[in-house]
Amino acid sequence: MSAEPVELDPTARPGSHVSRGGAPRRRPTGRAPGEPRNVAWLYILPGLVFFVLFTFLPLLHAGWLSLYQWDGLTVGKFVGLDNYSQALSDPDVRTAFLHALQLIIYYSVLPVVLGLALTGFLTRHTVRGFTFFRTVLFLPQMIAGVVIAQAFVWFYAEEGPFNAALKRVAPDEWARGWLGDFDWALRAIGSIGTWVTFGLCMVLFVAGVQKIPTSLYDAARVDGAGAVREFLTVTLPGLRYELVVAFVLTTINALRSFDIVYNATKGGPGDETYVPALLMYLNAFKYNDVGYACAIAVTLAVVIFVLAIAVNLLADRGSD
Amino acid sequence: MAALLALLVALVVAACGGTPGSDNDDATTAAAPAASDTTAAPAESTAAAEPTVQMDGFESLGPVELNVWSYDNQDPGLMPVITELTKQFMAKYPNVKINLEFKDFNSLVDTVNRALASEDGPDITEGNQGYQIDAAQVKAKLILPLDPYIKAYGWDKWWGADTNQIFQWTEDGKTFGQGPTWGIAQTGQNVGLYVNKKKLADLGLTIPATFAEFDTMLADAKAKLGDDPIFEFGNKEGYGTIHFIGGLQGAYGDAQPLRDWIYHVPGSTFETPQNIQALTKLAEWGKAGYFNEDYNAVGYDQAAAEFAKGKGLFFVGGNWETAIIKAGLGADAGMINMPPGESGKHVGVGATSGPWHISAKTKFPDVAAAWLNYIHSSPEAVDMMYKALQIPAISGTTPPADDPFLGEVTASWQQLVSDGGLTLYADWASPSMYDTLAKYYQEAMAGKTSPEDAAKAIQADWTKFDAELKAG
């Protein structure tokens, strides 16, 4: 941890002209040599140390464990990639990942669409007391998942408030214990996700809109653009980076969701609400199969990386 | 950058290191030489270890401190009983300090193995039958075999051989129901049929002697009850069905094949007419609307609470729900076992409460055993358990005569023991069996999977794990 910042030279990567044999050539840039760029490393060092210690190394460790058949207690047995091939053919794992993809609709797509719609509305209309509503809508982000799950268990119960409201407008047979229903449990879980992440998306977008020059809106209006046209040509392109952030954050939330499922349904009924993180937990702590749990975890991490990179690439291409 | 890379490599090596678990194992054997000695001794020759058991006179040991983990955190329930008995024990030996730590079931069982493997885990803890907890602890040599203490204290006279089986494992942690004994338990816990006697009388019904007649009676009750469910039921966690099905399995056979299956006796299978008929009946009752519709969204304890408030005619649940049901229904509460099938022998899901284990790392195993003996069998212990509405696992005890409901609850347990009708818990059969059963029972009950396919899938889990056990 006490590495000399001077040695942490970011330009010393292989293939860079400075590191080639012989004395370093003089840089053609007009900047002073050494110091300022090395100082940059010093600034990110605290964050980097935490990242390496608590994110990067555990990830590598999980990758290492995933190559073993290990019960968490006795000596493990090296099995190579067996855990991964087992995961690929495990119907429970497949179900869980399919559910995670479905949850993206609820955790990511719906909140983003709702957030955009509301933002589009707000760019044309002033709402009294909006700061208050914004705070209220953002609140779910700050509540622990366990609490949210408990609240919704009550909300969705057969004699809970949701059914009470539903019975007023729909036939009584529509009411049911939503979290225990084979057809509705996953959708009910997903809707909790929508409720949680919608506020985050909206706050991101509303903040983003404020940095779009008002002259663009004026120009659009002068050109006779209506609400939809204005939204599509001014607001949406101006929010590209906020959209990327919103999609990446909410997609990660969807894929790694655990606390709400664990506390609301424990994966049931049947396997209707199995998600990858739940299987990871079950294998590590209930089935004493730590290696397999790590294999699922690493697979999940890879899927999240790929999706996050894909969203970023799409956004970059859009900006060209 | 080079230094950073070097640092990274060093950290990676440190993080990954060698084979996982290898250092744990060293620590265990190094810290507890005495433990490995007794572990190595075969069960039959434990007489050799017998003279070393110190049963009294712990005053001479100097300060003794024991940490105890328990998930009997219910009050009313076992928690106050254990707490009070521990106070008495400490008063007897003032140099002994016992720190009780009560946790909820899941947080204990999810962490206890790793805690026992660490240097500051509990000296005494409750475990759990099955491969996740008890077998893993035996295999990793984290707990001591109790055979020397069983001999010394006469614990083998507390219950029959088939009860003792649930504490037995071979030393490799592979064969359940054989080998040394690793635990003892305080109370008998069985699932029975709680009855709302007032409602039953109002409907003009009485519970018949056989399951077939009972089944007919239910159809009659359904017609009379209307919207009120026959069975108030909670299966949110998935164990509601695992508990419920025992009485149905009893209608079509006895408990021995079910226990054999859990113990992985060669040739056992779940795909028996008994199990398939039981699942068929469960689905039939589900379809006929005998249960509250939202049962998969209601918790087990929550269903007990609803039943105590007067919902439903019956509640199929564990005798640990006695307190809440007594508080709610008072004199209207009753409990019996599910009316039996043709054999006339009663069958129900149940076993003792959680097994108590002594850590292989404790410095004072003899004091730990003396404490266990005290909380199970001191004259006060039995009375206090009954007072807390807990049924002592030790056979031949009598409940207080002034509480007829507690008398019925006690009779239910004792009847299952004497009929050889305890099925144990089917989820002990493999580490993943709980989730497999929860999933397929739920699906079968809802008519989403046929009883045959459910039995097949459950057996597939068993077979897969059976092969793992044999492969080593």
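Residues numbered from 1 in each chain as written. Chains lettered and ligands numbered in written order. Predicted model: local features only at pLDDT ≥ 70, side-chain atom pairs only at ≥ 80, totals over all residues. Heavy atoms only, no water.

With that settled, consider the packing of aromatic side chains. Residues and elements named next belong to chain B. The final tally for this structure, using the stated rule, is 57 aromatic pairs over all chains. Measuring from centroid to centroid gives 6.4 Å for Y131 and F176, while their planes differ by 80°, and the two rings are edge-to-face. Taken together, the residues Y131 in helix α7 (residues 131-139) and F176 in strand β5 (residues 176-181) connect sequence positions 45 residues apart. An identical accessibility class is assigned to Y131 and F176; each is buried. (Phe/Tyr/Trp six-rings, centres within 6.5 Å; stacked < 30°, edge-to-face > 60°. Helix = DSSP H or I, 4+ residues; strand = E, 2+ residues; numbered from the N terminus. Buried < 20%, exposed > 50% of the residue type's maximum accessible area, 1.4 Å probe, protein only.)

Inspection of the entire model under this criterion finds 21 salt bridges over all chains. For the salt bridge of A:K286 with B:D110, the shortest nitrogen-to-oxygen distance reads 3.0 Å. In this pair, A:K286 is assigned in helix α12 (residues 276-286) and B:D110 in the loop between α5 (105-109) and α6 (112-117), connecting two distinct chains. On the basis of relative accessible area, A:K286 is assigned to the buried category, the value being 18%. Between B:E101 and B:K103 there is a salt bridge, and its shortest N-O distance comes to 3.3 Å. When its relative accessible area of 38% is taken as the criterion, B:E101 is described as partly exposed. (Salt bridge = Lys/Arg side-chain N within 4 Å of Asp/Glu carboxyl O.)

So, on to the confidence of the model for chain B. Note: predicted coordinates in regions of low pLDDT should not be interpreted at a detailed level. Residues and elements named next belong to chain B. Considering every residue of chain B, the mean pLDDT works out to 89; 90% of them sit at 70 or more. In the model of chain B, helix α3 (residues 33-40) stands out as the element of lowest mean pLDDT, 38, in contrast to strand β3 (residues 124-126), which has the highest, 98. With pLDDT under 50 throughout, residues 24-50 is counted as low confidence; its partners more than four residues away or in other chains account for 31 contacts. Scored by ipTM, the complex comes to 0.71, with pTM at 0.78. (pLDDT = per-residue confidence, 0-100. Contact = heavy atoms within 4.5 Å.)

Let us look at helix α15 (residues 300-308) of chain B. All names here are of chain B. Looking only at α15, the buried set comprises Y300, A303, A304, F307 and A308. For α15, the arc enclosing every buried residue in end-on projection is 145°, short of the 170-degree limit, so these residues lie on one face. Along its buried surface, α15 packs onto β6 (188-196), α12 (239-251), β7 (314-318) and α16 (322-329). A positive backbone phi angle near 110° is found at G310, which sits one or two residues after α15. (Arc of directions from axis to C-beta.)

Attention now moves to the environment of B:Y290. Residue and element names in this part refer to chain B. Residue placement: Y290 occurs in the loop between α14 (273-287) and α15. Sequence separation of Y290 and K222 is 68 residues, and the distance between their C-alpha atoms is 6.9 Å. Beyond its immediate chain neighbours, meaning those up to four positions away, Y290 contacts L218, A219, K222, P229, I230, F231 and W285.

Looking now at the side chain of B:N196. Residue position: B:N196 is located in strand β6. Given a relative accessible area of 5%, B:N196 falls into the buried group.

Residues and elements named next belong to chain B. Taken in spatial order, the 4 strands of this open sheet run β2-β1-β3-β10, and their pairing is mixed. Of all the strands in the sheet, the pair left with one neighbour each is β2 (96-102) and β10 (356-358). The mean inter-strand angle of the sheet, taken between neighbouring strand axes irrespective of direction, is 20°. Across 3 bridges, the pairing between β3 and β10 is antiparallel. What sits directly across from I124, in β10, is I358. Relative to β2, helix α4 (residues 78-92) is tilted by about 170°, and along the sheet it contacts β1 (64-70), β2 and β10. (Pairing = 2+ DSSP bridges. Axes fitted to C-alpha atoms, helices over the stretch in contact; angles between N-to-C directions.)

Attention shifts here to a nonpolar patch on the surface. Residue and element names in this part refer to chain A. A cluster of nonpolar side chains, namely F121, V127, F132, F133, V136, L139 and M142, defines an oily patch on the protein surface of about 670 Å² accessible area. By residue number, the principal contributor to the nonpolar patch is helix α4 (residues 130-138), which donates 3 residues. Mapping F133 onto the fold places it in helix α4. (Patch = residues over 30% accessible without salt bridge, like charges linked within 9 Å, V, L, I, M, F, W, Y side chains within 5 Å. Areas by Shrake-Rupley, 256 points an atom, 1.4 Å probe, with all protein chains shown as cover.)

Residues and elements named next belong to chain A. Within chain A, residue pLDDT values average 85, and 88% of them lie at 70 or more. Least confident of the elements in chain A is α4, whose mean pLDDT is 85; most confident is helix α2 (residues 82-89), at 94. In this model, residues 1-22 is a region of pLDDT below 50 whose contacts with residues beyond four sequence positions or in other chains number 34 contacts.

Turning to the packing of helix α7 (residues 185-209) of chain A against helix α10 (residues 240-255) of chain A, a few remarks are in order. Residue and element names in this part refer to chain A. Following both chains from N to C, one finds α7 and α10 inclined at 165°, their axes separated by 10 Å at the closest point. Looking at the two axes, α7 sits roughly antiparallel to α10. Relative to α10, α7 is oriented so that their crossing is right-handed. Residue-level inspection shows T197, L200, C201, L204, F205 and G208 of α7 in contact with α10, the latter providing E242, L243, V245, A246, L249, T250 and N253. Within the contact of α7 with α10, the residues separate by chemical class into 8 nonpolar, 4 polar and 1 charged. (Parallel < 35°, antiparallel > 145°, perpendicular 65-115°, else oblique. Left-handed = near helix turned anticlockwise from the far one by under 90°. Nonpolar A, V, L, I, M, F, W, Y, C, P; charged D, E, K, R; others polar.)

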